[in-house]
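Chains, contacts and geometry: an overview
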Amino acid sequence: MAYSQISDAAKKIGKEILIHGWIHRKRESGGIMFIVVRDRSGIVQAAIKKASISEKEWNEATDAPIESSISIKGTVKEDSRAPTGYEVEVKNFKQINSSAPFPITEYQSTELLLDKRHLWLRSRKMTEIMKTRSYMFRYVREFLDKHGFFEITPPIITSSGGETGAEMFEINYYGQKAYLTESSQLYAEAMIYSLEKVYSFVPSFRAEKSRTVKHLAEYWHLEPEMAYHSNEKSMEVQEKLISHIAEKVAKNNEGQLKEMGANKDDLLKIKPPFKKVTYEKAIEILNDKGKSLKWGDDFGVEEEKLLTEDEDKPIFITYWPKELKPFYMPINPKDERTVLCADMQAPHGHGEIIGGSERIWKEDQLMERFASVEKAKGIKFNMDNYEWYLDLSRYGSVQHSGFGMGMERVIKWMLNLDHIRDAIPFPRMMNRINP
Ligand code: 4AD
Ligand code: MG
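Read on for a plain summary of the structure. (Residues numbered from 1 in each chain as written. Chains lettered and ligands numbered in written order. Predicted model: local features only at pLDDT ≥ 70, side-chain atom pairs only at ≥ 80, totals over all residues. Heavy atoms only, no water.)

On inspection of all chains with the given rule, the structure shows 2 cavities of 30 Å³ or more. Taken as a whole, the largest cavity encloses approximately 110 Å³ of empty space. Every residue lining the largest cavity is counted, 14 residues in all, and those nearest its centre are Ser-160, Gly-161, Leu-186, Tyr-187 and Trp-388. The wall of the second largest cavity is formed by Glu-189, Tyr-193, Ile-360, Trp-361, Leu-366, Tyr-389, Leu-392, Ser-393, Ser-397 and His-400. Among the elements of the structure, helix 5 (185-195) and helix 12 (387-392) are those that each provide at least two residues to the lining of the second largest cavity. Of the residues belonging to the lining of the second largest cavity, the class tally is 6 nonpolar, 3 polar and 1 charged. (1 Å grid on protein atoms, 1.4 Å probe; cavity = no way out; pocket = protein on both sides within 12 Å on 5 of 7 lines; lining within 4 Å. Points joined across faces, edges and corners; volume = space filled by probe spheres on them. Helix = DSSP H or I, 4+ residues; strand = E, 2+ residues; numbered from the N terminus. Nonpolar A, V, L, I, M, F, W, Y, C, P; charged D, E, K, R; others polar.)

Structure follows, in C-alpha cells:
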C-alpha cells in the first residue's frame, strides 16, 4: 500500500490509509491511546485501542516518545472531538525510529528556540513558514519567466562592492583581500548586453552592525536588471511582481496564512499602481508628524513606520538625495540634487523591501559620480576593481534599470512575522552563526 499525506485523510473518510509521520503529541485514557501525528502536510489524531491491536504493537506505541518516527495504518473516521474533525482508527502501528527526549517543550525562550533551530524547524509554525517561503520563491520565478527574463548565476566572491563597500565580509582569497557579495547588480548589468532582461536570485551578505527585526547578515536577494527600461518602467515591473506574489500567496496559501494569523484579504488588495512619494514630500510628511528632519537625512525604522502606518499597499519613495545613494545612480535632470531611483516600502512599518534605480550608462557621467561619491563620503575607490564595469559603458551601452528585493523582508511582511529571522531556516545575524 502506498503511503498518503495526512492532508489526504479528509478525502478518505471510511477508507484505509497508510501514514508515515512523527509523534507530535500523545496521551492515553482507559485503554485508548491518542497520538497526534504530523507530517509535512498537517496533523491528524490517531486512536489506538489496546483491544484491537497486537500486544507488541501496543507496547511499542506506549513506549514511543514524542518525535519518534512512526508508520500507521488504519481507517479514517469522522469524529468531532478530534482536532481536525476526523481521526484514524489504527490497525497497525510501527515505530520506525525512537526519539531521545525532545529538548523543546511548550514554553521556551527565543534563545533556546534559536539554539535548537534545527529541531524547532519541525514546529507547526516553522513548517508552514518554510512551505510558504518555498512557494514564494516559485511565484517570483514564475513571474520573471512569464515576463521574458533569463536567470543568471553571478559570483558570490568579489573583489569589491557596489553599494557602500563598508559593510562587507572580508575573506582571504589565496592571500588577497576579497569579499562576500553585497549585491549582484554589477554582474547583472554586464549580462544585459547579451540577455537584455536578466535576474539573479542568490544570497547577499551585509556586515552591518544592526540588531533590528529586519536585518540579516545573509539574505536572499532577487536582482532583476532590464535593458531599455527607465526608472519608471522598472517601478511598473516592481509593482506587478509584488502584486503577483501577494495574489498567489492569498489564493494558494490560505492555510499557511491562517496558521500565521495573517489575512488573505489584505494581500488581495495589493494591486498596481502603488503610491509614489518623492523623498522631498516624505520629509514634509514626516515633519508634519512631529519629526524634525532636514534635506539629506536618511530614514530609519521610526521614519519608515510613520510613512507607511496608514497604508494598505506598499509605497515608492522616489528621487533621493544623491549623497545617500551609490555611484551607479544617474542624476535626475529635473532636480540635480537627486538621483533617478525609488525604494519600495512595505505597508504598516514592515520596512524597505525593494531598492532600485536607473543606471548610469555613459562613461563620463560614471566618472563624475565616482568622484562626487568619493568627495562626499571621504573615501577612495580602487578603480582597478571597477575597470571592467567602466568597460560596460564603453561598448554600445544602453539605458537600463534594475532593482533588488530582499526575499525575507517580503516574507516577513506578507506573513506578518515579528522578526525577519523566522523568514529563513538558519538565520545569520550579528550574534548568531550556529546552527
Ligand atoms: O537597497 P539595497 O542595498 O540595494 C542594492 O543592493 C541594489 N544593488 C539593488 C539593485 O538595484 N539591484 O538592497 C536591496 C534590498 C533592500 O531593499 C532590502 O529589501 C534588502 O535588499 N536588504 C536586506 N534584507 C535583509 N537583511 C539586510 N541586512 C538587508 N539589506 C538589504
Ligand atoms: Mg536600500
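Okay, back to it.
Remark: helix 9 (residues 279-288) packs on helix 10 (residues 301-308), axes separated minimally by 10 Å, with the N-to-C direction vectors making an angle of 90°. Relative to helix 10, the element helix 9 lies roughly perpendicular. Contact residues: Ala-282, Ile-285 and Leu-286 in helix 9; Glu-303, Leu-306 and Leu-307 in helix 10. Class assignment for the residues of the contact of helix 9 with helix 10 results in 5 nonpolar, no polar and 1 charged. (Axes fitted to C-alpha atoms, helices over the stretch in contact; angles between N-to-C directions. Parallel < 35°, antiparallel > 145°, perpendicular 65-115°, else oblique. Contact = heavy atoms within 4.5 Å.)

The mixed closed barrel is built from 5 strands, whose spatial order is 1-2-3-5-4. The average angle at which neighbouring strand axes cross in this sheet is 55°, direction not considered. Two strands pair when backbone bridges link them, and strand 1 (residues 16-29) and strand 4 (residues 69-78) are joined in this way by 7 bridges, in the antiparallel orientation. Within the sheet, the bridge partner assigned to His-20 lies in strand 4 and is Ser-71. Where helix 1 (residues 55-63) meets the sheet, it contacts strand 1, strand 2 (32-39), strand 3 (42-49) and strand 5 (86-97), and its direction lies at approximately 85° from that of strand 5. (Pairing = 2+ DSSP bridges.)

Those residues of helix 10 that fall on the buried side of the exposure criterion are Glu-303, Glu-304, Leu-306, Leu-307 and Thr-308. Buried residues in helix 10 make contact with helix 9, strand 13 (315-318), strand 14 (341-346) and strand 15 (351-359). (Buried < 20%, exposed > 50% of the residue type's maximum accessible area, 1.4 Å probe, protein only.)

Our next topic: the pairing of strand 15. When a strand is regular, its side chains alternate between the sheet's two faces. Extensive coverage of strand 15 is indicated by the burial of 7 of its 9 residues. Sheet analysis places strand 14 next to strand 15, joined by 6 bridges and oriented antiparallel. Opposite Cys-341, over in strand 15, you have Ser-357 as the bridge partner. With antiparallel pairing between neighbouring strands as the criterion, strand 14 and strand 15 make up a hairpin whose turn holds 4 residues, including His-348 at a positive phi of roughly 55°.

Here helix 4 (residues 124-146) crosses helix 6 (residues 231-252) at 135°, and the two axes come no closer than 9 Å. Taken as axis vectors, helix 4 and helix 6 run oblique relative to one another. Regarding helix 4 and helix 6, the two cross each other, and that crossing is right-handed. For the pair formed by helix 4 and helix 6, the contact residues are Thr-132, Met-136, Tyr-139, Val-140, Glu-142 and Phe-143 on the first element and Val-237, Lys-240, Leu-241, His-244, Ile-245, Lys-248, Val-249 and Asn-252 on the second. Split into classes, the residues belonging to the contact of helix 4 with helix 6 amount to 8 nonpolar, 3 polar and 3 charged. (Left-handed = near helix turned anticlockwise from the far one by under 90°.)

Moving on to the side chain of His-24. The topology assignment puts His-24 in strand 1. Residue classification places His-24 among the buried positions, given a relative accessible area of 19%. Once residues lying within four places of it in the same chain are set aside, the contact partners of His-24 are Val-36, Arg-38, Ile-43, Ile-66 and Arg-124.

This part is about the environment of Lys-322. Looking at the secondary structure, you find Lys-322 in the loop between strand 13 and strand 14. The spatial distance from the C-alpha of Lys-322 to the C-alpha of Arg-369 is 9.2 Å, given a sequence separation of 47 residues. Residue contacts for Lys-322: discarding those within four places in its chain leaves Ile-331, Glu-336, Arg-337, Thr-338, Val-339 and Arg-369.

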